[in-house]
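Commentary on secondary and tertiary structure
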Amino acid sequence: MNASFLTALFASGMRQGVPLIYGSVGDCVSEKAGVVGICIEGEIIFGAFFSYLFALRSGNLWLGVLMGAIAGMISSLLVAAWSIYFKQDQSIIGIMFNIFAAGFTNFLNRKIFGVSIASEKIETFKPIKIPGLSEIPVIGEVFFNQDILTYLSIVLAVITLLVMKKTKLGLQMLAVGENPKAAQASGVQVQRYRLIAYMFCGFTAGLAGASLTLSTVGSFTEVISAGRGFICLAIVILARWNPVVACIAGFGFGSIQALQLRLQIMGSVVPHQFFIALPYLITLVVLIVAGHNIRAPKELGVPFDKESR
Amino acid sequence: MKKVVALLLSAVMAIGMMAGCGEKAPAVDSSVAVESSAASVAESSEAQEAEMKIAVILPGSITDESWNHTAYVGLQAIEAMGNYETAYTENITADQAEEYFRNYCESGFDFVLGHGAQYGDACCVVAEEYPDVNFFITGNAPADIPEEELPTNIMFSDYRECEGAYVCGVVAALMTESGKVGYVGGGNNTTQQSDKNAFIEGVASIDPAIEVKTVITGTFDDTALGKETAIAMIEEGVDVILQTCDHTGLGVLEACNEKDVFCFGYTTDQSALIEKPELVLTSMLIDIPFMISSQIDLIKAGNYGGVTFPGLHDGVVSMAPFSANVPAEVAEQVTAIVDQIKSGEIVITPNYSEN
């Protein structure tokens, strides 16, 4: 357990945490406004596919990032239409959407790239050393020698928190999730606010997908999200709907994942199944230990009907 | 206005669900759920009844450039051989397999293949119910059923993938400079376990002092996790890595490419998948297309069923040409060992123990 081991461990944790941070920051906002983001998983896949497609065809990574985020946002409209305007059960719509997203991106992937050609690689985002800060032992390497999408994810979390806590827009969002009737009475258009929150969630989930293809893998493989969207949901509850805490929790989850890989490498008599389950086990334990007085937004998951009493 | 939007969105979602079902839903209605892999065959089969209807159940997706992709290629090879109608279903877990086997039998398929040892149990159950249908399992027979009690309409191709893994172990041991080599596996099935153990055995046959670091990622689909796994190994000093885990393995190759570390291809020659192909020392090739398509002749000959053990000796398992990074004397030594396995001088018994 020396410094270089810890540095490598947490640097890997940070890299693995980035998609989780993007996904959970967006979900914090949408859940605060009263809509559950079960659909993040599917939006990540959409984001991953379209960011790869556009980055590959245009040769511009930033266009890829933008189109990935927009793809996530547009796909979220589909879910939003059903859950906000047609007032259907958000979880069921979300699960249906995830199945649709996996199938639809597979379909596009095969139509565009075929099944037999070696997938074309793109040059991924490279780590950028932040002068000065990256010289700090351990912390410098972990937090200040990462690629640009990592820095953006942290900035996004901080800005989101500030907007939610300090601005009128943020407070109105909270009201929409806590007491939509009161919000409506004070002139807030509940459904419009929920739509905006949902779109923001789709936007960040798209970024999460982009970070998978454009900063980690360099290509798209089918169902690349591999369950990360669901981890985001747990992180949001753990973080009590606070984007900055979610950022830390995402980093924590990534680090435990990095740790279990390293524990396997060190070799032990413990079966590998235990290590594979470890990140999820710890998430569960933390939820039980630290979650005794978690209070979700009051109207979370409840469709709002303007005309109801 | 609202109604029009609702209608439009429903239409989009419905189309989308169909696209999704193409891969995932049970093959009840063959026109919707079963994807016929070549349009031309579908057309010609309208004119005359297909000679045989063949279906494959796959654990992953056909775009993995590996295990599932080669089965798909095998299916295409069958189609090219004559008037056969083919279908496949992807992403089927072992617990779903029974339902899919049964669905294909009910839809009139004559030959149903389960691509993976994990389907063995389900196949045995269904095979007893449909004695007229022939089955095939790419892997060993379930260990808890005595060989004489296995249904006679199943062929188990207990091919020796572990022989390839053993040879990779030999190459890794001869090529490592740090004295540490790595194995990344995807999951918990007999093929994967025997690969891991044979790799360790192969390394030890050259130098027992070399450390073998192993990680089972638990997933065949998480490319990003595969990459982080390989990076973690490389940081521990590992300088040759074998992966046998499809999409996850592609991430391992990517990490090796980035960090200039030697690796091996799995199932197909995967050197073309990375920018520095010479880092892929060799690939263990498994001729799944041949393994599958050669069954047709056996079925026609009428003596189908049982357990076979293809391997290096009959070319079902083989090694791809060595990369430029492998020195001539290493290549010579490895080729000699391959020959010894072929002739039976070295016998590699699959070892299914987990740890």
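Residues numbered from 1 in each chain as written. Chains lettered and ligands numbered in written order. Predicted model: local features only at pLDDT ≥ 70, side-chain atom pairs only at ≥ 80, totals over all residues. Heavy atoms only, no water.

**Quick look at the packing of aromatic side chains**
To be explicit about the condition: Two rings from Phe, Tyr or Trp (for Trp, the six-membered ring) form a pair when their centres are within 6.5 Å of each other. A pair whose planes differ by under 30 degrees is stacked, one over 60 is edge-to-face, and the rest are tilted. Working rule: Lys NZ or Arg CZ, within 6 Å of ring centre, within 35 degrees of ring normal, means a charge sits over the ring.
Tallied over the full model, the rule gives 24 aromatic pairs over all chains. Its guanidinium or amino end placed over the ring of F109 of chain B, K53 of chain B lies 4.9 Å from that ring's centre, counting from NZ or CZ.

**Considering the environment of P127 of chain A**
Note the following rule: Helix and strand labels come from DSSP, where a helix needs a run of H or I of at least four residues and a strand needs a run of E of at least two; each type is numbered from the N terminus. Should any heavy atoms of two residues lie within 4.5 Å, those residues are considered in contact.
For P127 of chain A, the position within the fold is in the loop between α4 (90-113) and β1 (128-129). Residues in contact with P127 of chain A, not counting those within four places in the same chain, are N145, Q146 and D147 of chain A.

**Quick word on the confidence of the model for chain B**
All names here are of chain B. Condition: How sure the predictor is of each residue is captured by pLDDT, a score from 0 to 100.
Predicted confidence across chain B gives a mean pLDDT of 85, with 86% of residues reaching 70 or more. When mean pLDDT is compared element by element in chain B, strand β8 (residues 240-243) scores highest at 95, while helix α2 (residues 30-33) scores lowest at 36. With pLDDT under 50 throughout, residues 18-46 is counted as low confidence; its partners more than four residues away or in other chains account for 45 contacts. In the predicted complex, the global pTM is 0.85; the interface-specific ipTM is 0.89.

**Side note on helix α8 (residues 190-206) of chain B**
All names here are of chain B. Applied cut-off: Expected helix span is given by 1.5 Å per residue-to-residue step, counting one fewer step than there are residues. With a 1.4 Å probe rolled over the protein chains alone, any residue whose accessible area is under 20% of its type maximum counts as buried; one over 50% counts as exposed, and the rest are partly exposed.
For α8, built from 17 residues, the straight-helix expectation of 24 Å at 1.5 Å per residue is met to within 8% by its first-to-last C-alpha distance of 25 Å. Among the residues of α8, T191, Q192, Q193, S194, D195, K196, N197, A198, F199, G202 and V203 are the ones counted as buried. Summarising the contacts, the buried residues of α8 are in contact with α7 (161-175), β6 (180-185), β7 (211-216), β8 and β9 (262-267).

**A few points about the interface of chain B and chain A**
Our working rule: Just to be clear on terms, a salt bridge is a Lys or Arg side-chain nitrogen sitting within 4 Å of an Asp or Glu carboxyl oxygen. Any pair of nitrogen or oxygen atoms within 3.5 Å is treated as a polar contact; in protein, a donor-acceptor pairing is required on top of that, and neighbouring residues in sequence qualify only through side-chain atoms on both sides. Throughout, the ten residues Ala, Val, Leu, Ile, Met, Phe, Trp, Tyr, Cys and Pro are labelled nonpolar, Asp, Glu, Lys and Arg are labelled charged, and all others, Gly among them, are labelled polar.
The interface of chain B with chain A comprises 47 residues on the first partner and 44 residues on the second. Linking chain B with chain A are five salt bridges. Note that R110 of chain A and E90 of chain B form a salt bridge whose closest N and O atoms lie 2.5 Å from each other. Seen at the junction of chain B and chain A, the total is twelve residue pairs in polar contact (both at pLDDT 80 or more). Looking at the side of chain B that touches chain A, the elements with two or more residues in it are α1 (2-24), α4 (67-81), β7, α9 (223-235) and α10 (246-259) of chain B. Residue contributions to the side of chain B that touches chain A peak at eleven residues, all from α1 of chain B. Of the residues contributing to the side of chain B that touches chain A, the split by class is 19 nonpolar, 14 polar and 14 charged.

**With respect to the side chain of S157 of chain B**
Its place among the elements puts S157 of chain B in strand β5 (residues 154-157). If sequence neighbours within four positions are ignored, S157 of chain B has contacts with F136, I137, T138, G139, M291, T308 and P310 of chain B.

**Regarding the sheet that holds strand β12 (residues 317-319) of chain B**
All names here are of chain B. Test applied: Strands were regarded as paired on the criterion that DSSP finds at least two bridges between them. Angles shown run from 0 to 180 degrees and are taken between the N-to-C directions of axes, each axis being a line fitted to C-alpha atoms and, for helices, limited to the stretch in contact.
The six strands lie next to each other as β7-β6-β8-β9-β10-β12, forming an open sheet whose pairing is mixed. In the strand order of this sheet, the two ends are held by β7 and β12, each with one partner. Within the sheet, the average angular offset between the axes of one strand and its neighbour, ignoring direction, is 15°. Contacts from α8 reach β6, β7, β8 and β9, with the element oriented near 170° to β6.

**Quick word on the pattern of salt bridges**
Taken as a whole and assessed by the stated rule, the structure comprises 15 salt bridges over all chains. Linking K121 of chain A and E254 of chain B is a salt bridge whose minimum nitrogen-to-oxygen distance equals 2.9 Å. Of this pair, K121 of chain A sits in the loop between α4 and β1 while E254 of chain B sits in helix α10, placing the two residues on different chains. Judged by relative accessible area, which is 24%, K121 of chain A ranks as partly exposed. Taking relative accessible area as the criterion, E254 of chain B reaches 9% and is therefore assigned buried. Across the pair E258 of chain B and K227 of chain B runs a salt bridge, and its minimum N-O distance is 2.8 Å. Of the two residues, E258 of chain B sits in helix α10 while K227 of chain B sits in helix α9, which places them 31 residues apart along the sequence.

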